[in-house]
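For reference, the chains in residue letters:
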Amino acid sequence: MKIPFVDIQRSHKAIHNEVMAAIQNVISRGDFILGKDVELFENEFSKFCSVKYAVGVSSGTEALHLALRACGIGSGDEVITAANTFIATVLAISYSGAKPILADVDPDTFNIDADALKKLITPKTKAIIPVHLYGHPANMDAIMDIAKKHNLRLIEDACQAHGALYKGKPIGSFGDAACFSFYPAKNLGAFGDGGIVVTNEAEIFSNLMLLRNYGSRKKYEHDIKGFNSRLDTLQAAILRIKFKYIEKWNTLRKEAAELYNKMLSGSCCELPPQDKSSRHVYHLYVIRSKQRDKLREYLKENGVDTGIHYPIPVHLCGAFLDLGYKKGDFPVTEKYANEILSLPMFPGITEKEISFVSELINKFKN
Ligand SMILES: *Cc1c(COP(=O)(O)O)cnc(C)c1O
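Each value, and the rule that gives it
- Residues numbered from 1 in each chain as written.
- Predicted model: local features only at pLDDT ≥ 70, side-chain atom pairs only at ≥ 80, totals over all residues.
- Heavy atoms only, no water.
- Axes fitted to C-alpha atoms, helices over the stretch in contact; angles between N-to-C directions.
- Helix = DSSP H or I, 4+ residues; strand = E, 2+ residues; numbered from the N terminus.
- Parallel < 35°, antiparallel > 145°, perpendicular 65-115°, else oblique.
- Left-handed = near helix turned anticlockwise from the far one by under 90°.
- Contact = heavy atoms within 4.5 Å.
- Nonpolar A, V, L, I, M, F, W, Y, C, P; charged D, E, K, R; others polar.
- Near = heavy atom within 4 Å.
- Polar contact = N/O pair within 3.5 Å; in protein donor to acceptor, adjacent residues only side chain to side chain.
- Areas by Shrake-Rupley, 256 points an atom, 1.4 Å probe, with all protein chains shown as cover.
- 1 Å grid on protein atoms, 1.4 Å probe; cavity = no way out; pocket = protein on both sides within 12 Å on 5 of 7 lines; lining within 4 Å.
- Sits in = over half its atoms within 2 Å of the grid points.
- Salt bridge = Lys/Arg side-chain N within 4 Å of Asp/Glu carboxyl O.
- Buried < 20%, exposed > 50% of the residue type's maximum accessible area, 1.4 Å probe, protein only.
- Core = buried A, V, L, I, M, F, W, Y, C linked by side-chain atoms within 4.5 Å.
- Expected span 1.5 Å × (residues − 1).
- Arc of directions from axis to C-beta.
- Pairing = 2+ DSSP bridges.

1. Some words on the packing of helix α4 (residues 60–70) against helix α8 (residues 202–211)
Here is step 1: α8 packs onto α4 with a crossing angle of 125° between their chain directions and a minimal axis gap of 9 Å. Between α4 and α8, the crossing angle belongs to the class labelled oblique. Relative to α8, α4 is oriented so that their crossing is right-handed. Along its contact with α4, which presents Leu66, Ala67, Arg69 and Ala70, the element α8 presents Ile204, Asn207, Leu208 and Leu211.
Here is step 2: Taken together, the residues of the contact of α4 with α8 sort by class into six nonpolar, one polar and one charged.

In structure tokens:
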């Protein structure tokens, strides 16, 4: 058996005709830039997050970058985020002109450690970006307390957490702003790049509308130096179709995760956290093994593709050596980088496939 790490085609098959009709509609109307579907999708997505406003942008990275700018963050400021995130979170902080400050993560949840975070606050700290890594909500009660106490902006990196809940409330509704990616393999993915920022604040919303569109409110009147960072109408039209299935697809991910949990319960691997007060949407199903590289190779030899998210922590990447961190600065992040393994996870993965992967892992122990 050959089992891919992700197979987007499986969820696309059932919606092919609907998507093609939506694409055809955009082509017929010709409103490719900031067309009708962008605004309709923004309205639908803001409701989904229980917030007032949403602004479609060109990627999750741009969502984070522009959200920081819309909150007034820039040169001279410090922004704290998790050390084990995808590099885009940290790149976005750099793009804004602010300095990224990394915090190690809680070994139980893989998300930013609130105590580590507290210790990093200086007079220059202006914002915190918790990352809901793998689709598991960060510890928002503790993080919101810290943000409130120190008067810091809170921006959620929800790029892996579409539809996740924390204590019954949607991820995306906790921060001053929250950022989502529509990279094709995300829980809600476009047919290309895309992203969105959601917020309850009118001022952040109006800043974002300018920032994504050359700093212009009215054609050829440019109030600030903005960017060309819009969500394409074609992508918005495709996303509106796919959006109707997000709950179903998240449920399929959860069912797949529960099956893995059951079948791997006796294995030598550590299974993902299951915080009862949250709804994990399993963008990734990540186990830990002391023999990760051997296990990965063994699975590969048996036809199973896996991933590592992420093999080189941001502070050890060439791009961020200038931050001055060194090996040993983030012990949990560094330890996990050698142990984590993302198993095949996508809507439409079959029980047979999950059994096949799980049996291989259980055998590997012996
Ligand atoms: C995917 C991702 C991003 C970036 O999103 P893009 O749309 O690829 O730019 C940022 N942060 C996290 C945690 C992500 O997973």
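2. Section: the site of the ligand
Here is step 1: The full set close to the ligand counts 15 residues, and Gly60, Thr61, Gln160, Ser181 and Lys186 are the nearest of them.
Here is step 2: With respect to the ligand, the backbone of Gly60 contributes an N or O atom lying 2.8 Å from an oxygen atom.
Here is step 3: Contact with the protein chains removes 93% of the 380 Å² of surface that the ligand exposes when unbound.
Here is step 4: In a pocket analysis with a 2 Å cut-off to the grid points, the ligand is assigned to the largest pocket.
Here is step 5: Those elements that provide at least two residues to the shell around the ligand are α4 and α5 (87–96).
Here is step 6: Of the residues in the shell around the ligand, the class split is five nonpolar, eight polar and two charged.

3. A word on the environment of Ala88
Here is step 1: Looking at the secondary structure, you find Ala88 in helix α5.
Here is step 2: Taking the C-alpha atoms as reference, Ala88 lies 14 Å from Phe182; in sequence the two are 94 residues apart.
Here is step 3: Residues within four places of Ala88 in sequence aside, it is in contact with Thr61 and Leu64.

4. What about the pattern of salt bridges?
Here is step 1: According to the stated counting rule, one finds 23 salt bridges in the structure shown.
Here is step 2: Among the ionic pairs, Lys218 bridges to Glu221, the shortest N-O distance being 3.6 Å.
Here is step 3: By relative accessible area, Lys218 is classed as exposed at 54%.
Here is step 4: When its relative accessible area of 39% is taken as the criterion, Glu221 is described as partly exposed.
Here is step 5: In this structure, Asp329 and Lys326 form a salt bridge, with 3.2 Å as the shortest nitrogen-oxygen distance.
Here is step 6: Accessibility expressed as a relative area gives 28% for Asp329, which makes it partly exposed.
Here is step 7: Note on Lys326: relative accessible area 54%, which makes it exposed.
Here is step 8: Through salt bridges with shared partners, one network takes in Arg29, Asp31, Asp37, Glu44 and Arg240.

5. Comments concerning the nonpolar core
Here is step 1: Phe41, Phe45 and Leu343 are the most contacted members of the largest nonpolar core, which has 85 residues in total.
Here is step 2: Not counting residues within four places of it along the chain, the set of residues in contact with Leu343 comprises Phe5, Tyr260, Leu264, Tyr285, Ile287, Leu299, Thr306, Val357 and Ile361.
Here is step 3: The next biggest cluster of nonpolar side chains, apart from the first, holds 23 residues, and it includes Cys71, Ala127, Ile129 and Ala177.

6. Comments concerning helix α2 (residues 16–29)
Here is step 1: For α2, built from 14 residues, the straight-helix expectation of 20 Å at 1.5 Å per residue is met to within 8% by its first-to-last C-alpha distance of 20 Å.
Here is step 2: For α2, the full list of buried residues reads Val19, Ala22, Ile23 and Val26. Down the axis of α2, the smallest arc covering the buried residues is 95°, so these residues share one side. Within α2, the exposed residues directed more than 90 degrees away from the buried face are Asn17 and Ser28.

7. Quick word on α8
Here is step 1: By the burial criterion, the buried members of α8 are Ile204, Leu208, Leu210 and Leu211. With its buried residues spanning 160° around the axis, α8 presents them on a single face.
Here is step 2: In this structure, the buried residues of α8 make contact with β1 (53–57), α4, β5 (153–157), β9 (195–199) and β10 (216–218).

8. Observations regarding the sheet that holds strand β7 (residues 169–170)
Here is step 1: With respect to topology, three strands assemble into an open sheet ordered β7-β6-β12, the strand pairing being antiparallel. Only two strands of the sheet have a single partner each, and these edge strands are β7 and β12 (278–279).
Here is step 2: Strand direction decides the pairing type here: strand β6 (residues 165–166) and β12, joined by two bridges, are antiparallel. Residue pairing for β12: Leu165 is matched across the bridge by Arg279.

9. Quick notes on the environment of Ala178
Here is step 1: Relative to the elements of secondary structure, Ala178 occurs in strand β8 (residues 177–181).
Here is step 2: Spatially, the C-alpha atoms of Ala178 and Glu156 are 4.4 Å apart, while their sequence positions differ by 22 residues.
Here is step 3: Non-local contacts of Ala178, meaning those with residues more than four positions away in its chain, are made with Glu156, Gly172, Ile196, Val197 and Val198.

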